[in-house]
Amino acid sequence: MKPTTLILASSSPHRRDLLTACAIPFEIIPAAIDEQPFPHERAEVYVRRLALAKAEAVAQHHPEAVVLGADTIVTIDDLLLGKPQTPHAARQMLHRLRGREHAVMTGVAVIAGRMVERSGDRYAQAVVASRIRMHQFTAATIEWYLATGEPLDKAGAYAVQGLGAALIERVEGSYTNAVGLPLTETLTLLRRFDMAG
């Protein structure tokens, strides 16, 4: 049975825009889950766990749908840099990143509700990593960027697709992953449930 509904379990406008660009119809129902990492949790394990938890949280209420969950984290020095809660936290993150290379990891999970399961396959997952090198930007540049307000709701305190692009020297690997949804891998997962061409 081919599913009729794809749900994106995320309120991220960037994930919405990326998925819209694929010309796949979908609905948005954000998942409300605890996103705190476990002690000593590795980035790959963290994004895989959260992507699946987000998809499951929505799928349990929508058994007729296929649900897409995703989570993105910035990692450097074995630290997980999520969304900073204050300008001070954002400033610390940017100081740590400047002039250095770090990883951006996104976990993607696709869950088929009970009514659309095929051959016992209820979910599929992937984790994608990109490497990003930052310019050796100045403290004044950090203050300029903080004043824009952009860092405060972005993992790692910057947006590769926004004004934060000015801080980046190069991106190695999937650019869409760095934005928040690796499209090649996401479409591969969706095809397993007949949700993409």
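Before any of the text, the structure's been laid out above.
Now for a quick tour of the structure. On a predicted model such as this, the values are computed, not experimentally measured, just so you know. (Residues numbered from 1 in each chain as written. Predicted model: local features only at pLDDT ≥ 70, side-chain atom pairs only at ≥ 80, totals over all residues. Heavy atoms only, no water.)

### Details of the pattern of salt bridges
Working step 1: Summed over all chains, the structure comprises 13 salt bridges.
Working step 2: A salt bridge links Lys 54 to Glu 35; the nearest nitrogen and oxygen atoms lie 3.9 Å apart. Pair noted here: Lys 54 is in helix H2 (residues 43-59) and Glu 35 is in the loop between strand E2 (27-28) and H2, with a separation of 19 residues, a long-range link.
Working step 3: A relative accessible area of 7% means that Lys 54 is categorised as buried.
Working step 4: The shortest N-O distance in the salt bridge between Arg 96 and Asp 77 comes to 2.9 Å. Here Arg 96, found in helix H3 (residues 87-97), pairs with Asp 77, found in the loop between strand E3 (66-76) and strand E4 (79-81); they are 19 residues apart in sequence, far enough to count as distant.
Working step 5: One salt-bridge network, in which partners are shared between bridges, spans Glu 101, Arg 131, Glu 169, Arg 170 and Glu 172. (Salt bridge = Lys/Arg side-chain N within 4 Å of Asp/Glu carboxyl O. Helix = DSSP H or I, 4+ residues; strand = E, 2+ residues; numbered from the N terminus. Buried < 20%, exposed > 50% of the residue type's maximum accessible area, 1.4 Å probe, protein only.)

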